[in-house]
Amino acid sequence: QAPMLQMAVARAFQRAGRAADAEAHFQFYLESFTNTAGVVEAQEGRGWALFDLGRFAESAAVFDRAALLSPDPAERARLRFKAGDACFANGQYQLAADAYRQMIDLAAVPALELEARSQLAEIEARQGRLQEARDQFAVLARDFPETAIGERAALRIAELHQEAGALAAARAAYDRFLSDY
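Notes on the structure follow. (Residues numbered from 1 in each chain as written. Predicted model: local features only at pLDDT ≥ 70, side-chain atom pairs only at ≥ 80, totals over all residues. Heavy atoms only, no water.)

This brings us to the overall build of the protein. Helices and strands together make up the secondary structure of the protein, namely ten helices and zero strands. When its helices and strands are written in sequence order, the protein yields α-α-α-α-α-α-α-α-α-α. When the backbone C-alpha atoms are referred to their principal axes, the protein occupies close to 65 × 30 × 25 Å. For the protein, with 181 residues in total, the buried portion stands at 42%. A separation threshold of at least 6 residues defines the contact pool for the protein, and within that pool the share at least 24 residues apart is 41%. (Helix = DSSP H or I, 4+ residues; strand = E, 2+ residues; numbered from the N terminus. Buried < 20%, exposed > 50% of the residue type's maximum accessible area, 1.4 Å probe, protein only. Contact = heavy atoms within 4.5 Å.)

Take the layout of surface pockets next. Put simply, the largest pocket is a space of about 160 Å³. As for the largest pocket, its lining consists of A138, A141, P145, A154, I157, A173, R176, F177, D180 and Y181. When residues of the lining of the largest pocket are traced back to their parent elements, those giving at least two are α8 (130–143), α9 (148–163) and α10 (167–180). For the lining of the largest pocket, the leading source of residues is α10, giving four residues. The residue makeup of the lining of the largest pocket, split by class, is eight nonpolar, no polar and two charged. (1 Å grid on protein atoms, 1.4 Å probe; cavity = no way out; pocket = protein on both sides within 12 Å on 5 of 7 lines; lining within 4 Å. Points joined across faces, edges and corners; volume = space filled by probe spheres on them. Nonpolar A, V, L, I, M, F, W, Y, C, P; charged D, E, K, R; others polar.)

Moving on to the packing of aromatic side chains. All chains considered together, the criterion is met by six aromatic pairs. With a centroid separation of 5.9 Å and an interplanar angle of 85 degrees, the aromatic rings of W48 and F63 are classed as edge-to-face. One end of the pair, W48, is in helix α3 (residues 36–52); the other, F63, is in helix α4 (residues 56–69), and 15 residues separate them in sequence. Classification of W48 by relative accessible area gives partly exposed; the value is 33%. Overall, the relative accessible area of 0% leaves F63 in the buried class. Taken together, a centroid distance of 5.4 Å and an interplanar angle of 50 degrees make the contact between F81 and Y100 tilted. Separated by 19 residues along the polypeptide, F81 in helix α5 (residues 73–89) and Y100 in helix α6 (residues 93–106) bring together distant segments of the chain. Assessed through its relative accessible area of 10%, F81 is described here as buried. Relative accessible area serves as the criterion here: at 0%, Y100 is assigned to the buried category. (Phe/Tyr/Trp six-rings, centres within 6.5 Å; stacked < 30°, edge-to-face > 60°.)

Counting residues in hydrophobic clusters, the biggest one holds 17 residues, and the most contacted among them are F81, F88, A96, Y100, M103, A116 and I123. Sort the elements by how many residues they give to this core and α6 lands first, with six residues. Residues within four places of A116 in sequence aside, it is in contact with F81, Y100, M103 and I104. Listed in part, the 15 residues of the second largest apolar core include F137, L140, I157 and L160. (Core = buried A, V, L, I, M, F, W, Y, C linked by side-chain atoms within 4.5 Å.)

It is worth spelling out the side chain of D85 at this point. Mapped onto the fold, D85 is located in helix α5. Exposure remark for D85: the relative accessible area of 17% places this residue in the buried category. Among all residues touching D85, those that are not within four sequence positions of it are F51, Y100 and Q119.

Attention now goes to the packing of α8 against α9. At a minimum axis separation of 8 Å, α8 and α9 run at an interaxial angle of 150 degrees. Relative to α9, the element α8 lies roughly antiparallel. Crossing of α8 over α9 shows left-handed handedness. Contact with α8, carried on its side by L130, A133, R134, F137, A138, L140 and A141, involves I149, G150, A153, A154, R156, I157, L160 and H161 of α9 and no other residues of that element. Along the lines of polarity and charge, the residues of the contact of α8 with α9 split into eleven nonpolar, two polar and two charged. (Axes fitted to C-alpha atoms, helices over the stretch in contact; angles between N-to-C directions. Parallel < 35°, antiparallel > 145°, perpendicular 65-115°, else oblique. Left-handed = near helix turned anticlockwise from the far one by under 90°.)

Read these as layout, nothing more, since geometry by itself doesn't imply function.
In structure tokens, the structure reads:
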């Protein structure tokens, strides 16, 4: 019962918003027990705790380890996505893009795939490749107009025009956004 109790304590700290305590207890689990399912869960919990603590690079590495250990393709995809989010939060855009592309290649979670495509477009924008970002957002807005992703993409196109100082194009994109949404 020790592994189950240790995991319960770590989860309780996490639910209580005590990320440092949760991280320590997930780490203790990882140092003490070896069953694969528990190790994947503890790695993921530790990844979330590190993310909450703002330790994004460590968080990404832990999510990566959890993804490698997971036998479930959907869980692997979800963990790769979270590793990408941690890299993105840390400003490591190329690593984030690699993680998102790997997640898309797994093709196991369609809803997350759309999120990953949106994040890839945002990475283009953050790296100053505004035309590429607008093109990718345009595909999302066109192909998924009834989704929150499509709506955000349409708005982001207008914002990117505005940020670039292309006010006429921004105004037209905002008008399209307002008429569509």
